[in-house]
Amino acid sequence: MSPQFEAFRYDELTPDGPAFTQAFLSSYDFDVETLKEIARNLGLSVGGAKSDLTYRIAYCDARNLSDVILQNLVSRSHTAAAFKLVHGYQLPFAAPPAELVSSRGSKQWYGPINQPDEPTATWFIHPLYFLYKERDEDTQEAELRTYTIRWHCFARLEGQFLSLHWHGFTYQNQDTLNPRSRAQFPYWAHIPGMFTTLTELLAAQSTEVKLHSLILETILEQYRRNPAYNWHDDRIRAEAGGVSLNARAGAYGHAKAANGSTQVVQANPTDLSGITYLAITIRTAIERKLLGYGIPLPEPTEFDDEILITLIKKFGSQSYELRLDDAEGEELFNAHCYFGTKPTSRTPDAFPHLQFKNTSKVSDVQQLTFLLSHFDETAHLVGE
Amino acid sequence: MTAIDLHGRIPYFSDAAHLAALNDVVGLHTRLAPNVLMMSTGCSFKQAMRILWLLFELEFAEGFLLLYLRDDPDVFIDRRSLIEGLPDFPLQYNYGANSVESADDILYSFEFVRAVSVEFLDSHG
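Residues numbered from 1 in each chain as written. Chains lettered and ligands numbered in written order. Predicted model: local features only at pLDDT ≥ 70, side-chain atom pairs only at ≥ 80, totals over all residues. Heavy atoms only, no water.

Caption draft 1: Structural detail: the overall build of chain A. Counting secondary structure elements, chain A contains 11 helices and 16 strands. A compact globule built from 384 residues should have a C-alpha radius of gyration of about 21 Å, and chain A, at 23 Å, falls within 12% of that. Once the C-alpha set of chain A is aligned to its principal axes, its extents read approximately 80 × 55 × 40 Å. Taking all 384 residues of chain A together, the buried fraction comes to 49%. Put simply, 62% of the contacts in chain A that link residues at least 6 apart link residues at least 24 apart. Just so you have it, chain A exposes about 18,300 Å², and 52% of that area is on carbon and sulfur atoms. Averaged over its 34 positive side-chain charges, chain A has a centre that lies 5 Å from the centre of its 47 negative ones. (Helix = DSSP H or I, 4+ residues; strand = E, 2+ residues; numbered from the N terminus. Rg over C-alpha atoms; globule rule 2.2 N^0.38 Å. Buried < 20%, exposed > 50% of the residue type's maximum accessible area, 1.4 Å probe, protein only. Contact = heavy atoms within 4.5 Å. Areas by Shrake-Rupley, 256 points an atom, 1.4 Å probe, with all protein chains shown as cover. Lys, Arg positive; Asp, Glu negative; His and termini not counted. Charge placed at Lys NZ, Arg CZ, Asp CG, Glu CD.)

Structure representation (structure tokens):
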């Protein structure tokens, strides 16, 4: 059984109207929980399979159908975000977003969309369209199926922050059309341009935020050694002196049990996660060598931490994945932070952004709000 | 140890903590790149380049141009002295096993190899 395609794709024969709405609702952009919420908002029954729900919603005659669908679409947590500071803007009226619910729409900004539970935020949506060919993964039939992918970039404007949110996805490699060869959707080729067009629409001035300073200076210094919080170094990608480092923790520690609950599967309390293990191994090697000279290493854990900080901050980090929990183990932030160190590359390193863990219970907006609550204009803006 | 007074010309490093972080990372590495300074001190690319260019200008460091593939930029494929300028294309790399046809497929960065121990000061800080 093929996994669900992680973006909205449709057959060109799909007619506009309720059939298109149902196709849209059936896509990855709406999970069952979101569909149930839409049904509740519209006063419809929430029972049945996903296909029953999508049919019931798409063919209901509620006057606020589009508004309810769009509000739930934007409020669903996204897997990635980037942000800038904007000022001097005026809220524009872009294309009517209801168009996207019942028809293909076109490549432009749609909005505003206002959320009842986010009265100070305004959302916009920009679709992009791609022709996509696919060989069936199950039957491997020779004939190719052709679809259009409509990928959505969501913009959220609140106060001085403009953030873009999106879902990354993978698809069959369009060069080889081999079902087993997957390619990542190159969002890095599109997001920076989205900032430009929306900033123009807002007639705003925008300023880059130094994500590396916000994460590696402010957040790290405030929380990493703070006993009231739990900090996890999950992945470091760095480059210095011609050496490329890519150290990541293995996936053990937390895993999905068969019943869907998350449980800790760490069997041995002395087991250590990947990057800490790397630091301890290096420290142990030095410690043993020093003992050969009759010199004991004082405070080994301080040396472990010095090695980790060197890897994280002093080796030219390109990206850093961290998880921060409060004392009760509740997640506050869990993201892979790309610092935009290769601005003209054709890779995720092209611009600063965050990739949130899709296992996180905390939404992208909640995590971004947490991060931006530490923003300091004097420290984190790209200046002279 | 050679002292370099910034005289407040890069205000970011007039801050004592930023200056200490700069001296820490410059002491740690002999091969310095803008991203190494940025991540260690929180400065911007432009501020990092001004520091590195100062080392080059004072002849405390040699400057190199690093060439990366835009599609796979984890490790540079060529490193050439800044004095040599930009490469000609097609450019062979990996001991001639691969080649790049056009500058469109390349992105550039810089590396400065420190030749002496330095300490940055800021008498205006």
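Back to the write-up after that little detour.
Caption draft 2: How the structure looks around the overall build of chain B. Scanning chain B from N- to C-terminus turns up three helices and eight strands. When the helices and strands of chain B are listed from N to C terminus, the series reads β-α-β-α-α-β-β-β-β-β-β. In terms of principal-axis extent, the alpha carbons of chain B reach across some 50 × 25 × 20 Å. Residues classed as buried in chain B amount to 50% of the 125 residues present. In chain B, of all internal contacts separated by at least 6 residues, the share reaching a separation of at least 24 is 62%. Of the roughly 6,100 Å² that chain B leaves accessible, carbon and sulfur atoms contribute 51%. Distance between charge centres in chain B, computed from 8 positive and 18 negative side chains, equals 4 Å.

Caption draft 3: Quick peek at the confidence of the model for chain B. Confidence in the prediction of chain B, expressed as mean pLDDT, is 95, and 99% of residues score 70 or more. Listed scores for the predicted complex are pTM 0.91 and ipTM 0.92. (pLDDT = per-residue confidence, 0-100.)

Caption draft 4: Highlighting unusual backbone geometry. Of the consecutive residues G111(A) and P112(A), the connecting peptide bond is found in the cis state with omega at 5°. With respect to the helices, strands and loops of the structure, P112(A) is situated in strand β3 (residues 110-115). With an omega of 0°, the peptide bond between F89(B) and P90(B) qualifies as cis. Of note, P90(B) is situated in the loop between β4 (78-81) and β5 (91-93). The residue E59(B) is not glycine, and still its phi comes out positive at about 60°. Along the chain, the position of E59(B) falls in the loop between α3 (45-57) and β3 (61-69). Take E59(B): its relative accessible area is 69%, and that puts it in the exposed class. Phi is positive for Y95(B), close to 55°, though the residue is something other than glycine. In this structure, Y95(B) sits in the loop between β5 and β6 (98-100).

Caption draft 5: Up close: the pattern of salt bridges. Scanning the model with the defined rule gives 28 salt bridges over all chains in all. Residue R104(A) is joined to E12(A) by a salt bridge in which the shortest nitrogen-to-oxygen separation is 3.5 Å. Taken together, the residues R104(A) in the loop between α5 (99-102) and β3 and E12(A) in the loop between β1 (8-10) and α1 (18-25) connect sequence positions 92 residues apart. You can call R104(A) buried: its relative accessible area is 17%. On the basis of relative accessibility, which here comes to 46%, the residue E12(A) falls in the partly exposed class. A salt bridge links R80(B) to E84(B), with the shortest nitrogen-to-oxygen separation between them at 3.8 Å. Overlapping salt bridges, with partners in common, bring together R224(A), R225(A), D233(A) and D305(A) in one network. (Salt bridge = Lys/Arg side-chain N within 4 Å of Asp/Glu carboxyl O.)

Caption draft 6: Main features of the side chain of E217(A). By secondary structure assignment, the location of E217(A) is in helix α7 (residues 211-223). Among the polar contacts made by the side chain of E217(A), one reaches the side chain of K313(A) at a distance of 3.5 Å. The residues contacting E217(A), other than those within four sequence positions of it, are H212(A), K313(A), M39(B), S40(B), T41(B) and G42(B). (Polar contact = N/O pair within 3.5 Å; in protein donor to acceptor, adjacent residues only side chain to side chain.)

Caption draft 7: Inspection of the interface of chain B and chain A at higher detail. On the chain A side, the residues contacting the 28 residues of chain B number 29 residues. The contact between chain B and chain A buries some 2,400 Å² in all, and 48% of this surface belongs to carbon and sulfur atoms. Counting the surface chain B buries against chain A, the share from its top three residues, M39(B), R70(B) and D74(B), is 26%. Where chain B meets chain A, there are four salt bridges. Notably, a salt bridge pairs D24(B) with K314(A), separated by 2.7 Å at the nearest N-O pair. At the surface where chain B touches chain A, the tally comes to 14 residue pairs in polar contact (both at pLDDT 80 or more). Those elements that place two or more of their residues in the side of chain B that touches chain A are α1 (16-28), α2 (34-41), α3 and β7 (106-114) of chain B. (Buried area = accessible area lost by both parts, 1.4 Å probe.)

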